[in-house]
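Chain by chain, the residues run as shown.
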Amino acid sequence: MDNYMNELVYKLMDSRKLETEEYIYLIRYRDHDTEELLREHAVKVRKENYGNEVLIRGLIEVSNICKNDCLYCGIRKSNWRTERYRLSEKEILSAAETGYRLGFKTFVLQGGEDAWYTDERLEKLIRQLKKRYPDCAVTLSLGERGRESFERLRAAGADRYLLRHETADREHYRKLHPQEMSFEHRMECLMALKELGFQTGAGFMVGSPFQTTENLARDLKFLEEFQPEMCGIGPFIPHHDTPFSGYSAGSVELTCFLLSVIRIICPKVLLPATTALGTLDPEGREKGILSGANVVMPNLSPANVRGKYLLYDGKLATGAESAENLLNLKRRMEKIGYVVVEKK
Ligand code: SAH
């Protein structure tokens, strides 16, 4: 570690922010010592805010029908090989019931942008979930919607909304998405969600095609300024039936480094060790937690649809990634000195 790097590391730890140029230097020239120092500090910050607790969220993948055509995503509309499904209200409630019995206090409803989920249907669903499980939080991750729609979902009782910004660079955004989608709209959605009082989640993929160190530095700058309540980051993993099938997967090591940096710039952020991280590395979840993450999101979707929500090749939905195997996850967390808690 050179003197300048040392200076940056301490500046980041003390002030919780850096200039974009400095983030670039930090990412580009990091070495083992840089990673270790920041990791240790991230774990300290994590402990100050969350002790050794790991929060769990039950992920219900409500539909893989999507009107969008994101170039990286396995359930993009052009992928005619995907067998499409949509869970009924009854199936979603039943998944939540299973989750509640297992000890989950947060349900995350994630899906493609499926027009069947109108505001009316979602309001009804959210109200029922909140009525049945008043001690639980409802998180939505259903893509971009209009402000009025978000407002209605919030009024119906939804607590949180996850909408990764995907990249904070307009040009990079255009390379990952079809022309019809816009960086501006995604950002507008994020601003609206925050204003409406949702606990809001941003995030991005690490190693997505065309991503530069400058892009990642911008992502960090964006997180530093936006201060999301949640942040999902995971390595990009190619899906064989997408235009990005030939690109290589992102790095586990860089993802973990960025988890540490994010924990430092957003000390209280709910930061998952994502499924993608667990998919690329059998020890991925542990590595994520040991880098400053504090959330895991096991899969609660009905067994018959799990294989169909295939965002990328090899996506895990079994073992410690499956809600039924909570015991397995608990043991794995205990082995590294952490404890899974039933908190929303
Ligand atoms: N339709 C919702 C949910 C998208 S899926 C939305 O637009 O927010 C959740 C996240 O999975 C995406 O935000 C994206 O960052 C990630 N993802 C999609 N394809 C991926 C891939 N090939 N590799 C890694 N992560 C991927």
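Residues numbered from 1 in each chain as written. Predicted model: local features only at pLDDT ≥ 70, side-chain atom pairs only at ≥ 80, totals over all residues. Heavy atoms only, no water.

A. Representation of the layout of surface pockets in the model. Roughly 210 Å³ of internal volume is contained in the largest pocket. Looking at the largest pocket, the residues that line it are His32, Glu35, Glu36, Arg39, Val252, Glu253, Cys256, Phe257, Ser260, Lys287, Leu290 and Ser291. Elements with a contribution of two residues or more to the lining of the largest pocket: helix H3 (32-50), helix H10 (252-265) and helix H12 (284-290). Ranked by residue count, the leading element in the lining of the largest pocket is H10, at five residues. (1 Å grid on protein atoms, 1.4 Å probe; cavity = no way out; pocket = protein on both sides within 12 Å on 5 of 7 lines; lining within 4 Å. Points joined across faces, edges and corners; volume = space filled by probe spheres on them. Helix = DSSP H or I, 4+ residues; strand = E, 2+ residues; numbered from the N terminus.)

B. Spotlight on helix H6 (residues 147-155). Restricting attention to buried positions, one finds in H6 the residues Ser149, Phe150 and Leu153. Taken down its axis, H6 places every buried residue within 100° of arc, on the same side. Opposite the packed face of H6, turned more than 90 degrees from it, sit the exposed residues Glu148 and Ala155. Contacts made by the buried residues of H6 are with helix H5 (119-132), strand S4 (137-141), strand S5 (160-162) and helix H8 (183-195). Remark: Gly157 follows H6 within two positions and exhibits a positive phi of approximately 120°. (Buried < 20%, exposed > 50% of the residue type's maximum accessible area, 1.4 Å probe, protein only. Arc of directions from axis to C-beta. Contact = heavy atoms within 4.5 Å.)

C. Up close: empty space enclosed by the protein. All told, the structure shown has one cavity of 30 Å³ or more when counted by the stated rule. Space inside the largest cavity adds up to approximately 990 Å³. In this structure, the largest cavity is lined by 50 residues; those nearest its centre are Gln110, Ser141, Arg164, Glu166 and Leu311. Per-element tally for the lining of the largest cavity: the top contributor is strand S7 (residues 230-235), with five residues. Here the residues of the lining of the largest cavity are counted per class, giving 28 nonpolar, 14 polar and eight charged. (Nonpolar A, V, L, I, M, F, W, Y, C, P; charged D, E, K, R; others polar.)

D. How the structure looks around the site of the ligand. If you check the shell around the ligand, you find 17 residues, and the closest are Tyr72, Gly111, Arg164, Glu166 and Ile237. A distance of 3.0 Å is found between a nitrogen atom of the ligand and a backbone nitrogen or oxygen belonging to Tyr72. Within the side chain of Arg164, an N or O atom sits 2.9 Å from an oxygen atom of the ligand. For the ligand, the accessible surface in isolation is 560 Å², of which the surrounding protein chains cover 91%. Taken atom by atom, the bulk of the ligand overlaps the largest cavity. (Near = heavy atom within 4 Å. Polar contact = N/O pair within 3.5 Å; in protein donor to acceptor, adjacent residues only side chain to side chain. Areas by Shrake-Rupley, 256 points an atom, 1.4 Å probe, with all protein chains shown as cover. Sits in = over half its atoms within 2 Å of the grid points.)

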